Amino acid sequence: MEILEFKDLKCIPDIVHSYTPALRNNSVPIVIDNGSYQCRAGWATSPEPLLLFKNLIAKPRKERSKKDTVEAIQTPQLQVGNDIVNIEAVRFQLKTQFDRDVVTHFEAQEHLFDYTFSHLGIDTDNSIPHPIVLTEALLNPNSSRQLMSELLFECYSVPGISYGIDCLFSYHFNEVKPQKNALIVNVSYHTCHVVPILEGKIVFENARRLNTGGFHVISFLHRILQLKYPAHATSITLSRAEELLHGICEVALDYREELARWTDPGYYEEHIKKIQLPYSVSLASSALTLEQQKERKRELARRLIEINARKREERLVEDEEKLNQLLYIQEMVEADVDKDEIEKACAEYQIKHLQDLQKQINTLNAKIEKTKQKILASNNSEEVEEPPNKQPKHNKIVFESEKAMHIFLQNAKKMRQEILSKKMTRKQRKQDMAKRRTAAGQERMRIISQLARKEKGNDDFGLRDEDWDIYKAISKDGGDSDSEAENEKLLELDEIIRTHEPSDLDETTNPGETHQLHVGIERYRAPELLFKPYMLGSAEAGLSEVIGYVFSLFNTEDQLKLAENVVVMGGLANLPGLQQRLLSDLISIRPFQSVVNVRIVSNPSLGGWFGAKKWARSSELKENLLTREMYDECGPEYFKIHVASNPFYPTPKGQEIDIDVS
Amino acid sequence: MNPEDVRSEPKLVFKTASLNPNSKTIVKKRAWKSLKQIISTEKALPWPDNVVHYSSINAPPSFKPAEKFSDLSGLPAPYTDPQTRLRFANKEEYATLIALPMDITAGYLALRGASSIVG
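Just so it is clear, the structure is predicted and the values come from calculations on it, not from any experiment.

Visitor: Any chance you could explain the overall build of chain A here in plain terms?
Guide: Within chain A one finds 24 helices and 20 strands. Taking all 662 residues of chain A together, the buried fraction comes to 44%. A fraction of 73% describes how many contacts in chain A between residues 6 or more apart in sequence connect residues 24 or more apart. A total accessible area of about 36,900 Å² is found for chain A, and carbon and sulfur atoms account for 52% of it.

What follows is the structure in structure tokens.
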């Protein structure tokens, strides 16, 4: 089984493209496909978009500690688009101008336009002398467009703007021969659009937007993997989830069937994708130090033995000396020496009678004998002791059959598991108790408050022995803690299992294995979100259901026309299996034997830009350009409508949308 | 020379001078309306009848009953653990489920949007 690895692609900072005289003098239009995932920008004359970057800025917060110092005045460095080399490092500072698929945050948009224009190399004074072809969301609210015009005309002094919808640009201008009737299914980053086109005209009132898209799929995948591998939660990042989506995710043709296949262990083994997370080998900590620890222990034991031996010898010498003196006294007694002198000597050794003397001599003799034996014994053992030390406590029990051993082992394992789970529940309970908002914690608080409540007169607490059990219930340990006996039993069982089945408890054969993500059903589960938004708690219908709903808004004739030409585009259209899935879903909801065609456009992600480029090069652009004069004349929300644009509904007069909320 | 300067210098040129953010005269913070706010203001206006809005093309709610899938594995889940409210497909999953710490179970519920007490 091949193990995949994360590529962790880093963004490459964009170069500043050259601003050639041909571009400068001919006021070549700039084409910007401003998507919520990526911005694609380039000249109408360039063969492909020159700039491709995620519509993100990273704005570091001012550091609090430096607030008062002089240096803090200079604004922190702002990273825009592909300048953000490592997205994960600045994940919490990221900002986008988009709210869903609508531009709302124009300060960020301004930074991104700065980035775009400066990287296109424009260096003219106080203006961008090029018309802009810009994409926007389907039915973009007037206020958003108004602010966009304001930004482009006032801040960049562009000569003209043409707004269009990305999927329509893609359909009308990037298709070889666009048919008159089509149902566009645009699966993009924040939303999916189902847009019916009849006789070349978009039927806005029957278009529908599903507010689930690639972003949701990625975050869903991210979260289920994090929850599956809590230990690696930090190394499973959103960018890695995105990489997985692009790399290994697929749309299941029949989700239920796919799931049923995965329940078969053989299929699972065969189709599981293993992905290696980066890890650092720490074998030095486990293997080597274990050896070192043993060595250190042995060293310590040896030193202890030496100290003991020295002590024993000292004692031996001491005792022998004392014995000699006592014997000397005895000799004196036997030789009938002067009584005074004997008494003096006896006093020195605190001996009262002569019997005592005899007794002491005897005990000393015994003691010396004992010490001598000990020294002898320790000298012998020093040579032999080490090897037998290593032998396991539990010798292998001999079983008459393989089966008996197996049963015995199973029992041991079961017991071990029981103890472990008991410990686990206890730990869990302890954790729950410690937290305030858990059921266990609240129950504990309830009991405590009940205990604390004083009821006059009838306080009979403590009359029965059971009353005291309540303190067990509210103690943080939950009454019983891990008992010593249990721990011992666990150790013993471990030992038994290890002696009979050495490999079972010692894992860590390959340290990288614990750092592998097994992605199986998740490959299909994440993209399935498009068809089942309720998996993420959304009440909306899934993609196929929405398409069916859009069909239902037309008469049968038009339905046929639309179903004949279902065109799928948008970044997620790259997912393998999407076309087949949509086709099979549509066949199931369409009348029997009616024609259904589903196809994916040739370049799902960049089609919008190429379409817009073609539009920008056509003669139509000139007629449909919103110029500065019109902007000044007709008000900021006015724009020119064309075949790929939104409809223009002037905001009702008298109640101008209050866009300034400062 | 600081590479940052090289990059930011052409920026200064093409923008209208008075609106250049580097001139420190305008530092007024502006709160941008969220899409939700924009939609609600838009809805409040007296539009003619034929107008289609951003908010009027929202997908309809699902008319099909939501299938139940195991929170852990994604398999079809006939069972629900009454304690954690997590769904599971078989007894092996239940065994892992009861051993899960609370933050994980809460995470699964939140992911499915089932963490609210009312729902």
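Now that the structure is up, let's keep going.
Visitor: Please clarify how a nonpolar patch on the surface should be interpreted in this entry.
Guide: Residue and element names in this part refer to chain A. Together, Phe461, Trp468 and Tyr471 make up an exposed nonpolar region whose accessible area comes to about 310 Å². Inspection of the secondary structure puts Phe461 in the loop between helix H14 (439-452) and helix H15 (469-474). Judged by relative accessible area, which is 33%, Phe461 ranks as partly exposed.

Visitor: Would you mind showing me how to read a negative patch on the surface here?
Guide: A cluster of acidic residues, Glu313(A), Glu314(A), Glu318(A) and Glu321(A), forms a negative patch on the protein surface. With respect to the element layout, Glu313(A) can be found in helix H9 (residues 283-334).

Visitor: Hey, could you run me through the confidence of the model for chain A in this one?
Guide: Caution applies to low-pLDDT regions: their predicted coordinates should not be interpreted in detail. All names here are of chain A. Averaged over all residues, the pLDDT of chain A equals 84, while 88% of them reach at least 70. Between residues 384-393, whose pLDDT stays under 50, and residues either more than four places distant or in other chains, the model counts 7 contacts. Segment residues 504-508: pLDDT under 50, and 7 contacts once partners within four positions in sequence are set aside and those in other chains are kept.

Visitor: Is there a simple way to explain the packing of aromatic side chains in this structure?
Guide: Aromatic rings in a pair are described by how distant their centres are and how their planes are angled relative to each other. Scanning the entire structure with this criterion turns up 24 aromatic pairs over all chains. Between Tyr163(A) and Phe639(A), the ring centres sit 6.1 Å apart and the planes meet at 85 degrees, which makes this aromatic pair edge-to-face. Taken together, the positions of Tyr163(A) in strand S11 (residues 160-165) and Phe639(A) in the segment after helix H24 (628-634) put the pair 476 residues apart, joining distant regions of the chain. Look at Phe639(A) and you get buried, because its relative accessible area is 2%. Ring geometry for Trp262(A) versus Tyr268(A): centroids 5.8 Å apart, planes at 85 degrees, classification edge-to-face. On the basis of relative accessible area, Tyr268(A) is assigned to the partly exposed category, the value being 28%. In this structure an aromatic cluster arises from ring pairing among Phe113(A), Phe117(A), Tyr156(A) and Phe14(B). Geometry around Phe639(A) places Arg145(A) over its ring, the cationic atom sitting 4.0 Å from the centre. In this structure, Arg581(A) packs its charged tip against the face of Phe531(A), placed 4.1 Å from the ring centre.

Here is what the cut-offs are and how they apply
- Counting restarts for each chain: residues are numbered from 1 in the order of the written sequence.
- Chains carry letters and ligands carry numbers; both start at the beginning, A for chains and 1 for ligands, and go up in the order they are written.
- Local features in this predicted model are restricted to residues of pLDDT 70 or higher, and side-chain atom pairs are both shown and tallied only at a pLDDT of 80 or more, whereas totals for entire chains, interfaces and linings draw on every residue.
- Excluding hydrogens and water, the side-chain values take into account all heavy atoms of the structure.
- In this text, helices come from DSSP runs of H or I with a minimum length of four residues, and strands from runs of E with a minimum of two, each type numbered from the N-terminal end.
- The buried label applies to any residue whose accessible area, calculated with a 1.4 Å probe on protein chains only, is under 20% of its type's maximum; exposed applies above 50%, and partly exposed to all values in between.
- The contact criterion used throughout is that any non-hydrogen atoms of two residues lie within 4.5 Å.
- The protein chains shown are the only cover counted for residues, whose accessible areas, like all others here, come from Shrake-Rupley with a 1.4 Å probe.
- By definition, no residue in a patch forms a salt bridge, and every one has over 30% relative accessible area; like charges are joined within 9 Å, nonpolar side chains (Val, Leu, Ile, Met, Phe, Trp, Tyr) within 5 Å.
- The term salt bridge refers to a side-chain nitrogen of Lys or Arg lying within 4 Å of a carboxyl oxygen of Asp or Glu.
- We score Asp and Glu as negative and Lys and Arg as positive, and we do not count His or the chain ends.
- By convention, the charge on Lys lies at NZ, on Arg at CZ, on Asp at CG and on Glu at CD.
- Residue-level confidence of the predictor is summarised by pLDDT, bounded by 0 at the bottom and 100 at the top.
- Side-chain rings of Phe, Tyr and Trp (the six-membered ring for Trp) are treated as a pair once their centres are within 6.5 Å; stacked means planes under 30 degrees apart, edge-to-face means over 60, and tilted covers the remaining angles.
- Only when the NZ of Lys or the CZ of Arg is both within 6 Å of the ring centre and within 35 degrees of the ring normal is a charge said to sit over the ring.

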